[in-house]
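Inside the fold
Spelled out, the chains give:
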Amino acid sequence: MNDTTIPDHNEYQPELIEQEVQALWSSANTFKAEEKPEQEKYYCLAMFPYPSGKLHMGHVRNYSLADVIARFQRMQGKNVMQPMGWDAFGLPAENAAIKNNVAPAKWTYDNIEYMKDQLKQLGFGYDWDREITTCSPDYYRWEQWFFTQLYEKGMVYKKTAEVNWCAVDGTVLANEQVIDGCCWRCDSPVERKAIPQWFIRITKYAQELLDDLDDLDEWPEQVKNMQRNWIGRSEGVEVDFTLDDGDALRVYTTRPDTLLGVSYLAVAAQHPLVQHLAESNSEIANFATQCQHSQTSEADLATAEKIGMFTGRYATHPITKKKTPIWIANFVLMEYGTGAVMSVPAHDQRDWEFAKKYDLPIQQVIASEDTTVEVDISQSAFTEKGVLINSNEFNSLTFSDAFEAICAHLEQHKLGERKVNFRLRDWGVSRQRYWGTPIPMINLDNGDNVPCPEHELPVKLPEDVALDGIISPIKSDPTWAKTEHHNKPALRETDTFDTFMESSWYYARYCSPNASDSMLDKDKANYWLPVDQYVGGIEHAILHLLYSRFFHKLLRDAGLLDSNEPFKRLLCQGMVLKDGAKMSKSKGNTVDPQSLIQQYGADTVRLFIMFAAPPEQSLEWSDQGVEGAHRFLKRLWRLVEQFNNDDNNSPIQDDDTNALHVKTHQTIAKVSDDFGRRQSFNTAIAAIMELCNQIGKSPSASKAVKQSALETAVLLLAPITPHICHKLWQHLGHEEWVIHARWPILDESALIQDEVDIIVQINGKLRAKLTVAADSEQQDIEKIAKADPSIQKHLDGKTERKVIWVPNKLLNIVAN
């Protein structure tokens, strides 16, 4: 298929080329993906954007990386799907709507149209027929349906729970969204507040989520470790300390070896014991309230000042039978373990600081296994595992032996039991703001809750609303929530879903985005899933990726798909920096992709963003780098034009021909490895630039080898700079479009060299370069080197100490 609409020019004109090539792709529906069971599939996906209004350079980097990978895999002969959509619900749209006095729906849809046009200008190969917008009822209808199915299976429940509450934004915050006790978005103080919440039982999948990380061998180890730590599996024991009234205060510990060193018990301010005491003790009630406004995350609590209050109550130690004081402590969270901990100041730094502040006993019960190491607990806690001392019959036991012996003692006397615990907590999905998916539940007069019937789905969010910034329109509207259940008045739930709900399954909906009678078409889901390559920022390493993995397992267990994991390979790209800082409007250091496209063309932007740094590292913006990328594309254009216009009939030189042929196939080998296995696109581009340099330095090479070298350069660059390569491919005489071309074939024999260049050093300093037969032995090369006059003069009068040999590369003679 040949196109003649793009005029031929001696100079590179990206504005003409890119518009025309994109029009050709659009008219031919080039990137439409269909299931082809006979062909190997490849599902490439970048994390979809929030429609903020304009693309930023972080978007450009993320989507360029995914597009390059998708185009490369297409050239490998695979059936590629690369979709795009919009993570359209969320608080930013609501806040922007309030600020601009416009409904969030209109603001969102207008932004989507603008950003979609920007994505098209950058030449990304998306199947736009699969476009998803999460605020569309056609999408969130199935999310609501699935939630009701989970409720019927007992995987969903409602309870009143302590949450991080931002009064300014009027919504719940996750622990990681609380920074120094303030909201990550508006920087206002966060308080602890008890409100009714809907939860999904992710904890039932904690062990599977942990175990299956071992199967994700194409994920960065850093991301897997972050998820392991977040899930937080621990093996320990729950121990009962008996209260005066005969009830038990149960604590969980992973260090039963320190049990004999307990000097006090610490409970959370929300613990039932504290709540009971607060009913008759105003000081305890006031202190519990104070704790609710303190730091809430474990990271914050580790560094915060430790404060506490003695309850006036004691509990009996299960082994020593000593009376142990019970304190309320701000560093204990009700959400972790049992909301009560045994405090061993000698062997826990947090407990040590608290004990020092309140003058509580510090009893050492662990000594170093290394008898030469003296433990000093006067300055800090000794937290290493060692051997037991001051522990009665358990003295001299190591950690593992003590763990077994003390657990056995507790279980034998019915004072405790072994327990596997997880830091992971059930997923609270309720949000109190407006712009989100309505939770499809009905609240009855008697306090019960029932799911909305399927025929009433979707429960639509009204889009034509006015916001006052104080309360959600569906909460303030006296009629929206009104409904009936079995002919009796009832009220719909007015909370909306956490937006992580929408982003946790969108990748699966792309497989059958227009399915109107089911959440997923199972056959199509099984064909495309799992995603072969997922690209996105490491800031999503925990929540988004963990929730998506959880949702995938829920979909599997509901019979909607068969695979165990959603994403096979993960690439986490680094940030885009300018002047050493992350680009942001507040810093005034942003770069507008639109202006760059207009000035240089999309191919230049794509080339720079792929060349400036390895994908996983931060990229420092450089205006000079963008100009350099543009100069290279203009040079490539000239090389092809010069080749086509070259009437030089000068003799062909075998040296030029052989050198260019070898360089061409060396480049194919390196770039293929860089694109596929290593995903090191910057080094691939550098290799292609070297090939172009070799073309320029080989004027006397044969025309056929020059043609092959230029074709290779164009094919290797096609995934990165697809518009110019489309045109150059045709300038080189091909009727087919480069998008339909296959990756260049490597000639292995070209990599077998007859001769190699050896660097010769004396004491690490370059003294000569030798050209020798490729199969030369080390001793032969040493003889040749030592016979070289430039080497001899540096060895005269010196004694040779050793020889360092790197085969076919380097010979270093150490002498003095």
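The notes below deal with the structure included here. (Residues numbered from 1 in each chain as written. Predicted model: local features only at pLDDT ≥ 70, side-chain atom pairs only at ≥ 80, totals over all residues. Heavy atoms only, no water.)

Regarding the overall build of the chain
A count of helices and strands for the chain gives 26 helices and 34 strands. Overall, the chain is about 105 × 85 × 50 Å in size when its C-alpha atoms are taken along their principal axes. Buried residues in the chain amount to 55% of all 816 residues. Across the chain, every contact between residues at least 6 apart in sequence was considered, and the portion connecting residues at least 24 apart equals 71%. Split by element, the accessible area of the chain, about 36200 Å² in all, is 47% carbon and sulfur. Each charge sign in the chain was given a centre, from 84 positive and 116 negative side chains, and these centres are 2 Å apart. (Helix = DSSP H or I, 4+ residues; strand = E, 2+ residues; numbered from the N terminus. Buried < 20%, exposed > 50% of the residue type's maximum accessible area, 1.4 Å probe, protein only. Contact = heavy atoms within 4.5 Å. Areas by Shrake-Rupley, 256 points an atom, 1.4 Å probe, with all protein chains shown as cover. Lys, Arg positive; Asp, Glu negative; His and termini not counted. Charge placed at Lys NZ, Arg CZ, Asp CG, Glu CD.)

Quick word on the packing of aromatic side chains
Think of a pair of aromatic rings as described by two things: how far the centres are apart, and how the planes are tilted against each other in angle. Applying the stated rule across the entire model yields 39 aromatic pairs. Between Trp 427 and Tyr 547, the aromatic rings sit 3.8 Å apart at their centres with planes inclined by 5°, giving stacked as the arrangement. Here Trp 427, found in strand E19 (residues 427-428), pairs with Tyr 547, found in helix H17 (residues 543-557); they are 120 residues apart in sequence, far enough to count as distant. For Trp 427, a relative accessible area of 2% corresponds to the buried category. Through a chain of ring-to-ring contacts, the aromatic side chains of Tyr 264, Phe 310, Tyr 314, Trp 327, Phe 331, Phe 354 and Tyr 358 assemble into a single cluster. The positively charged end of Arg 423 is found above the aromatic ring belonging to Trp 230, 5.7 Å away from the centroid. (Phe/Tyr/Trp six-rings, centres within 6.5 Å; stacked < 30°, edge-to-face > 60°. Lys NZ or Arg CZ within 6 Å of the ring centre and 35° of its normal.)

Some points on helix H11 (residues 349-358)
Of the residues making up H11, those classed as buried are Asp 351, Trp 352, Phe 354 and Ala 355. For H11, the angular spread of buried residues about the axis comes to 165°, placing them on one side. Next to the buried residues of H11 lie strand E12 (264-267), strand E13 (308-316), strand E14 (323-329) and strand E15 (340-343). The opening residue of H11 is Asp 348, an N-cap whose side-chain oxygen sits 3.0 Å from the backbone nitrogen of Arg 350. (Arc of directions from axis to C-beta. Polar contact = N/O pair within 3.5 Å; in protein donor to acceptor, adjacent residues only side chain to side chain.)

Topic: helix H1 (residues 14-28)
With 15 residues, H1 should cover 21 Å at 1.5 Å per step; its first-to-last C-alpha distance of 21 Å lies within 8% of that length. Turning to H1, its buried residues number three or more, namely Pro 14, Ile 17, Glu 18, Val 21, Gln 22, Leu 24 and Trp 25. Relative to the axis of H1, the buried residues are bounded by an arc of 155° and lie together on one face. Structural note: H1 exposes Gln 19, Ser 26 and Ser 27 on the side pointing more than 90 degrees away from its buried face. Contact partners of the buried residues in H1: helix H2 (57-75), helix H4 (104-121), helix H18 (593-600), helix H19 (602-611), helix H20 (623-645) and helix H24 (722-731). (Expected span 1.5 Å × (residues − 1).)

Side note on the sheet that holds E19
In any sheet, the strands associate via hydrogen bonds between backbone groups, in a parallel or an antiparallel arrangement. Strands sit in the order E6-E5-E9-E19 across an open sheet of four strands; the sheet is antiparallel. The open sheet has two edge strands with one neighbour each: strand E6 (171-173) and E19. Strand direction decides the pairing type here: strand E9 (residues 190-200) and E19, joined by two bridges, are antiparallel. Its bridge partner lying in E19, Ile 200 is registered against Trp 427. Each of strand E5 (156-166) and E9 is contacted by helix H5 (residues 137-152), which is oriented at about 80° to E9, the strand it contacts most. (Pairing = 2+ DSSP bridges. Axes fitted to C-alpha atoms, helices over the stretch in contact; angles between N-to-C directions.)

Focus on the side chain of Gln 82
Along the polypeptide, Gln 82 turns up in the loop between strand E2 (79-81) and strand E3 (85-86). Engagement of the side chain of Gln 82 in a polar contact is seen with the side chain of Asp 67, the distance being 3.0 Å. Excluding anything up to four places from it in sequence, Gln 82 contacts Cys 44, Ala 66, Asp 67, Ala 70, Gly 125, Tyr 126 and Asp 127.

Things to note about a negative patch on the surface
Residues Asp 754, Glu 755, Asp 757, Asp 775, Glu 777 and Asp 780 make up a contiguous surface patch of negative charge. Tracing the chain through its elements places Glu 755 in strand E31 (residues 755-762). By relative accessible area, which is 51% here, Glu 755 ends up exposed. (Patch = residues over 30% accessible without salt bridge, like charges linked within 9 Å, V, L, I, M, F, W, Y side chains within 5 Å. Salt bridge = Lys/Arg side-chain N within 4 Å of Asp/Glu carboxyl O.)

Observations regarding the pattern of salt bridges
As a working rule, side chains carrying opposite charge can pair if their charged atoms are close by. Taken as a whole and assessed by the stated rule, the structure comprises 46 salt bridges. As a salt-bridge pair, Arg 569 and Glu 218 come within 4.0 Å of each other at their nearest N and O atoms. Remark: Glu 218 occurs in the loop between helix H6 (206-211) and helix H7 (221-231) and Arg 569 occurs in strand E27 (residues 567-573); sequence separation between them is 351 residues. Relative accessible area serves as the criterion here: at 29%, Glu 218 is assigned to the partly exposed category.

Thoughts on the sheet that holds strand E24 (residues 488-492)
Ordered in space as E22-E21-E24-E23, the four strands form an open sheet in which the pairing is antiparallel. One side of each edge strand has no neighbouring strand; the edge strands of this open sheet are strand E22 (449-451) and strand E23 (482-485). Recorded for the sheet is a direction-independent mean angle of 45° between the axes of neighbouring strands. Bridge analysis of strand E21 (residues 441-443) against E22 gives three bridges, and the strand direction is antiparallel.

Some words on the nonpolar core
Counting residues in each nonpolar core, the largest one holds 176 residues, and the members touching the most others are Tyr 43, Met 57, Phe 147, Met 519, Leu 555 and Trp 621. For Trp 621, the contacting residues outside a window of four places in its chain are Met 57, Val 576, Leu 577, Lys 578, Met 583, Val 591, Leu 596, Phe 608, Ile 609 and Val 626. Counting residues in hydrophobic clusters, the runner-up holds 44 residues, among them Leu 260, Leu 273, Ala 340 and Met 342. (Core = buried A, V, L, I, M, F, W, Y, C linked by side-chain atoms within 4.5 Å.)

A look at the packing of helix H21 (residues 654-678) against helix H23 (residues 703-717)
Contact pair H21 / H23: the axes reach a minimum separation of 9 Å and the direction vectors enclose 15°. Relative to H23, the element H21 lies roughly parallel. H23 is crossed by H21, and the crossing has left-handed handedness. In this structure, H21 contributes Thr 657, Leu 660, His 661, Thr 664, Thr 667, Ile 668, Val 671 and Phe 675 to the contact, and H23 contributes Val 705, Lys 706, Ser 708, Ala 709, Thr 712 and Leu 716. Residues that form the contact of H21 with H23 fall into these classes: seven nonpolar, six polar and one charged. (Parallel < 35°, antiparallel > 145°, perpendicular 65-115°, else oblique. Left-handed = near helix turned anticlockwise from the far one by under 90°. Nonpolar A, V, L, I, M, F, W, Y, C, P; charged D, E, K, R; others polar.)

A few points about the side chain of Ser 188
When you line up the elements, Ser 188 lands in the loop between strand E8 (182-183) and E9. Ser 188 gets classed as buried once you look at its relative accessible area, which sits at 10%. If sequence neighbours within four positions are ignored, Ser 188 has contacts with Cys 166, Val 168, Gly 181, Cys 182 and Cys 183.

Regarding the environment of Pro 196
With respect to the element layout, Pro 196 can be found in strand E9. Along the chain, Pro 196 and Ile 112 lie 84 residues apart, while their C-alpha atoms are 34 Å from each other. Not counting chain neighbours up to four residues away, the residues in contact with Pro 196 comprise Lys 158, Lys 159, Thr 160 and Asp 495.

Here we look at the environment of Thr 258
With respect to the secondary-structure elements, Thr 258 resides in the loop between strand E11 (248-253) and E12. Since its relative accessible area comes to 4%, Thr 258 is described here as buried. Along the chain, Thr 258 and Val 662 lie 404 residues apart, while their C-alpha atoms are 68 Å from each other. Once you skip the residues sitting within four places of it in the chain, Thr 258 turns out to touch Met 342, Val 344, His 347, Val 365 and Ile 366.

Section: the environment of Pro 722
Along the chain, Pro 722 turns up in helix H24. Under the relative-accessibility criterion, Pro 722 is labelled buried at 3%. Residue contacts for Pro 722: discarding those within four places in its chain leaves Trp 25, Arg 71, Asp 603, Arg 606 and Val 738.

Note that all results are geometric; they support no functional claim without further evidence.
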